[in-house]
Amino acid sequence: MSFDIEFIRKLCALLREEGLSELTLVDGERRLTLRREGGPAPPPSREARPEEAEEEGHLIRSPLVGTFWRRPEPDAPPFVEVGDRVEEGQVLCIIESMKVMNEIRSDKSGVIQEILVEDGAPVEYGQPLFRIAPS
Amino acid sequence: MEKVLIANRGEIALRILEACREEGLQVVTVHSQAEKEALHVRLSPESVCIGPPPPAKSYLNVGAILAAAELTGADAVHPGYGFLSENPDFAEACRDLGLTFIGPPPEVLRRCGDKVEARRYAQRAGVPVLPGSPPLHTKEELLRWASELGYPLLLKAVSGGGGRGIRLVRDEAELLEGFTRAQREAKSSFGNQALYLERYIPSPRHVEVQVLADSQGHIVHWGTRDCTVQRRYQKVVEESPAPGLSEDMRRRLGAAAVKVAEAVGLVGVGTVEFLVDGESFYFIEINPRIQVEHPVSEVRVGRNLIREQLRIAQGEPLGYQQEQIEFWGWAMEVRINAEDPEHDFLPSTGKVHIHSLPGGMGVRLDTHIYQGMEVLPYYDPLLAKVITFGETREETRVRMYSALRRLEISGVKTNKELLLDIISHPEFAQAKHATDLLDRLTHHQ
């Protein structure tokens, strides 16, 4: 394998065509890495939630489609507030789905940093509900 | 009916979305976690993530779909094809919640889903069926019926469908060997291990008839479709009308299909399938839903079958008689699948790169693919349906050849070359092919 300019040009084309962001070739001692800035523009996403990936903390996500309730009953106090310390297994909220009240429990111990959904709002599968600082 | 939830994905979800728009209906779609970027999601004003990628947890998740309908205020559900489209429990759950299920009532789905029961209805309506057995549970019953019917036979799952759960047995040894395995497969695939036997016709033509029934009991048919080119009992090429049949045979098939639809109490659209052997025909099954190959009937009749479904579901009458339907020219459809011809047509996954797509006069492309789309291992490998239509079969066939030549996709392997082989095969060109053409072509390679 010779790393001549024509060969590298072909590799560049391949990188573009296949939408790859990086390609590494190793031939004995020699090693060639091609890296592409940017890559193909991703299709517009209606559900991009940049905060999900960028901020610190552990996310509790909804395991089902339904309505988010912060309280066990309308007049009762909320299960948790921002700043509360919660233990693994503690109930954080209720997701009502098809008239069934499903208790959602924390899978980590820590402190509630943020409540990401309004009381009574519809939530979809996988939607972040709480951000917890694990401890 | 004001707002329709589309409980499906891929090209059919797009088709339904667009038909709803034409009908002036609002739409909400659903998607799995893996399909947030899918076209049906991006193009619908509202979409709900209903579960993780595997279909059992998302597109087959009855609770999540009904919850999504409730949360978004949908008052109707269109199930598309596959997934929950023939599930009577789902249709019943919709009804219990006051949602319009766009399809037949649960009782009709149950009747059609039980292949032995459906045969009985056809028989009672005076439509010929292939000689066959009742549901069989023991080896003794099986052997007794097999010797009565005579080999070769098809061993079929009572709750099977879509070409699955069928095996050919040529003698007693194959029958006994296949029985236990087929029972196990039927149990895991369809939740019902019951099997039955049916006489096998070696070189039949597989012809189906599109039927429509409104809620007032008025039934029409939209002519015949031929799906003789099959692989493992799955349709690969479909055309309308069915070639090589006399006008008289086409008329008899149309009338028989209407009789079956009436007998089972169909409301909505359906497909009645027959095997044609010379001058005889036999009812095989009725699919009470929209079918993948429906476009070949649409282009000949000049009407939109999904819109007809939506109107029937709203209680509107069909508004025309059989005699008023004019059939135009010829139509063909092929399924472009992401599959690897060099590895026994296993599904091929990867990122789709589109170089060129079919188009031009008499060409229709129904697809959900876009540049850079990820083909996932969880779902049906269907990438696109290419439909061509023309004044004659030959014009339509050549047009299909041209359309396929224009199709250039990389990133995933497709069955395009095999389709070109079929379309240009002399037997296909003369419409002298039987159901084994494809097997012969693939074994030849």
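Residues numbered from 1 in each chain as written. Chains lettered and ligands numbered in written order. Predicted model: local features only at pLDDT ≥ 70, side-chain atom pairs only at ≥ 80, totals over all residues. Heavy atoms only, no water.

S.K.: Is there a simple way to think about the overall build of chain A in this case?
M.R.: The helix and strand tally for chain A stands at two helices and 10 strands. In sequence order, chain A lays out its α and β elements as α-β-β-α-β-β-β-β-β-β-β-β. A buried classification covers 33% of the 135 residues belonging to chain A. Of the roughly 8400 Å² of accessible surface on chain A, 50% is carried by carbon and sulfur atoms. (Helix = DSSP H or I, 4+ residues; strand = E, 2+ residues; numbered from the N terminus. Buried < 20%, exposed > 50% of the residue type's maximum accessible area, 1.4 Å probe, protein only. Areas by Shrake-Rupley, 256 points an atom, 1.4 Å probe, with all protein chains shown as cover.)

S.K.: Can you walk me through the interface of chain A and chain B in this structure?
M.R.: Taken together, the contact between chain A and chain B spans 19 residues of the former and 28 residues of the latter. Summed over both sides, the interface between chain A and chain B buries roughly 1700 Å², with carbon and sulfur atoms accounting for 56% of that surface. Our enumeration of links across chain A and chain B arrives at one salt bridge. The salt bridge partner of Lys99(A) is Glu70(B), with a shortest N-O separation of 2.5 Å. Seen at the junction of chain A and chain B, the total is three residue pairs in polar contact (both at pLDDT 80 or more). Listed by contribution, the elements that provide at least two residues to the side of chain A that touches chain B are strand S4 (66-69) and strand S9 (122-123) of chain A. (Contact = heavy atoms within 4.5 Å. Buried area = accessible area lost by both parts, 1.4 Å probe. Salt bridge = Lys/Arg side-chain N within 4 Å of Asp/Glu carboxyl O. Polar contact = N/O pair within 3.5 Å; in protein donor to acceptor, adjacent residues only side chain to side chain.)

S.K.: How should the packing of helix H7 (residues 139-149) of chain B against helix H8 (residues 172-190) of chain B be read in this particular structure?
M.R.: Describing two packed helices takes the angle between their axes plus the distance from one axis to the other. All names here are of chain B. At a minimum axis distance of 11 Å, the contact between H7 and H8 shows a crossing angle of 145 degrees. Crossing handedness for the pair H7 and H8: right-handed. Each of Lys 139, Leu 142, Leu 143 and Ala 146 in H7 lies in contact with H8, whose residues at this interface are Glu 172, Leu 175, Leu 176, Phe 179 and Thr 180. Looking at the contact of H7 with H8 residue by residue, the classes come out as six nonpolar, one polar and two charged. (Axes fitted to C-alpha atoms, helices over the stretch in contact; angles between N-to-C directions. Left-handed = near helix turned anticlockwise from the far one by under 90°. Nonpolar A, V, L, I, M, F, W, Y, C, P; charged D, E, K, R; others polar.)

S.K.: Please explain the sheet that holds S9(A) as it appears in this structure.
M.R.: Residues and elements named next belong to chain A. Strand order across the open sheet formed by four strands is S7-S6-S4-S9, with antiparallel pairing between neighbours. Looking at which strands have only one partner, the edges of the open sheet turn out to be strand S7 (100-105) and S9. Relative to S9, S4 runs antiparallel, the two sharing two bridges. Bridged to Thr 67 within S9 is Pro 122. (Pairing = 2+ DSSP bridges.)

S.K.: Please clarify how the pairing of S7(A) should be interpreted in this entry.
M.R.: Within a regular beta strand, the side chains point alternately toward one face of the sheet and then the other, so they alternate between its two faces. All names here are of chain A. The sheet contact formed by strand S6 (residues 91-97) and S7 spans six bridges and is antiparallel. Bridge assignment links Glu 96 to a residue of S7, and that residue is Met 101. Where S6 folds back onto S7 in an antiparallel hairpin, the turn is made up of two residues, including Met 98, whose phi is positive at roughly 50 degrees.

S.K.: Before we go on, may I ask you to explain the nonpolar core in this structure?
M.R.: Note on soluble globular proteins: their nonpolar side chains tend to be buried together. All names here are of chain B. Ranked by size, the top nonpolar core spans 34 residues in total, and within it Val 237, Val 334, Ile 336 and Ile 422 carry the most contacts. Among the elements of the structure, strand S11 (234-240), strand S14 (330-337), strand S21 (382-390), helix H12 (393-406), helix H13 (416-423) and helix H15 (437-444) are those that each provide at least two residues to this core. The biggest single contributor to this core is H13, with five residues. Discounting chain neighbours no more than four positions away, the residues touching Val 237 are Asp 226, Cys 227, Val 229, Glu 333, Val 334, Leu 419, Ile 422, Ile 423 and Phe 428. Val 127, Val 207, Val 260 and Ile 286 belong to the second-largest nonpolar core, a separate cluster that totals 29 residues. (Core = buried A, V, L, I, M, F, W, Y, C linked by side-chain atoms within 4.5 Å.)

S.K.: I would appreciate a short explanation of the packing of aromatic side chains in the present structure.
M.R.: Given two aromatic rings, one states the distance between the centres and the angle between the planes to describe the pair. Residues and elements named next belong to chain B. Inspection of every chain in the model, using the stated rule, returns eight aromatic pairs over all chains. Between the aromatic rings of Phe 274 and Phe 283, the centroid separation amounts to 6.4 Å while the plane-to-plane angle is 75 degrees, which identifies the pairing as edge-to-face. Overall, Phe 274 belongs to the buried group, its relative accessible area being 0%. An aromatic cluster of three or more residues is present, and its members are Tyr 59, Phe 83, Tyr 378 and Tyr 379. In this arrangement the basic side chain of Arg 124 is found over the ring face of Tyr 121, its NZ or CZ atom lying 5.0 Å from the centre. One residue, Arg 393, lies across the ring of Phe 428, its end atom 4.6 Å from the ring centre. (Phe/Tyr/Trp six-rings, centres within 6.5 Å; stacked < 30°, edge-to-face > 60°. Lys NZ or Arg CZ within 6 Å of the ring centre and 35° of its normal.)

S.K.: Please explain the pattern of salt bridges as it appears in this structure.
M.R.: Note that side chains of opposite charge can pair when their charged atoms are close. Residues and elements named next belong to chain B. Counting across every chain of the model gives 38 salt bridges over all chains. Measuring nitrogen to oxygen at the nearest pair gives 2.4 Å for the salt bridge that ties Arg 15 to Glu 298. Placement of Arg 15 in helix H1 (residues 10-23) and of Glu 298 in helix H10 (residues 295-301) is noted, with a sequence separation of 283 residues between them. Side by side, Arg 15 and Glu 298 carry an identical accessibility label, which is buried. Of the charged contacts in the structure, one is a salt bridge between Arg 364 and Glu 298, with a shortest N-O distance of 3.0 Å. Here Arg 364 is found in strand S19 (residues 363-367), whereas its partner Glu 298 is found in helix H10, with 66 residues between them in sequence. Comparing Arg 364 with Glu 298, the two get one shared label, buried. One salt-bridge network, in which partners are shared between bridges, spans Arg 15, Glu 298, Arg 364 and Asp 366.

S.K.: Help me out: how do you make sense of the confidence of the model for chain A in this one?
M.R.: It should be kept in mind that the predicted coordinates are not to be read in detail where pLDDT is low. Here chain A shows a mean pLDDT of 82. Residues at 70 or above account for 79%. In this model, residues 39-52 of chain A is a region of pLDDT below 50 whose contacts with residues beyond four sequence positions or in other chains number 24 contacts. (pLDDT = per-residue confidence, 0-100.)

S.K.: Where do I start with the packing of H1(B) against helix H11 (residues 305-313) of chain B in this structure?
M.R.: Residue and element names in this part refer to chain B. Close contact between H1 and H11 brings their axes to 9 Å; oriented N to C, the two are set at 60 degrees. The angle between the axes of H1 and H11 places the two elements in the oblique class. The two elements H1 and H11 meet at a crossing, and its hand is right-handed. Facing Ile 12, Arg 15, Ile 16, Ala 19, Cys 20, Glu 22 and Glu 23 of H1, the residues of H11 in contact are Leu 305, Ile 306, Arg 307, Leu 310 and Arg 311. (Parallel < 35°, antiparallel > 145°, perpendicular 65-115°, else oblique.)

S.K.: Could you clarify how one ought to interpret the side chain of Arg119(B) in this entry?
M.R.: By the element assignment, Arg119(B) lies in helix H6 (residues 115-124). Setting aside its immediate chain neighbours within four residues, Arg119(B) contacts Val129(B), Leu130(B), Pro131(B), Gly132(B), Tyr196(B), Glu198(B), Phe283(B) and Ile284(B).

S.K.: Would you mind going over the sheet that holds strand S4 (residues 76-78) of chain B with me for this structure?
M.R.: Hydrogen bonds along the backbone pair up the strands of a sheet, which may run parallel or antiparallel. Residues and elements named next belong to chain B. Pairing is parallel in the open sheet, where five strands are placed in the order S3-S2-S1-S4-S5. The sheet terminates laterally at strand S3 (47-51) and strand S5 (100-101), the two strands that pair on one side only. Bridge analysis of strand S1 (residues 3-6) against strand S2 (residues 26-32) gives four bridges, and the strand direction is parallel. Bridged to Lys 3 within S2 is Gln 26. In the packing of H1 onto the sheet, the strands contacted are S1, S2 and S4, and the crossing angle to S1 comes to about 175 degrees. Docked against the sheet, helix H3 (residues 62-72) engages S1, S2 and S3, running at close to 155 degrees with respect to S3.

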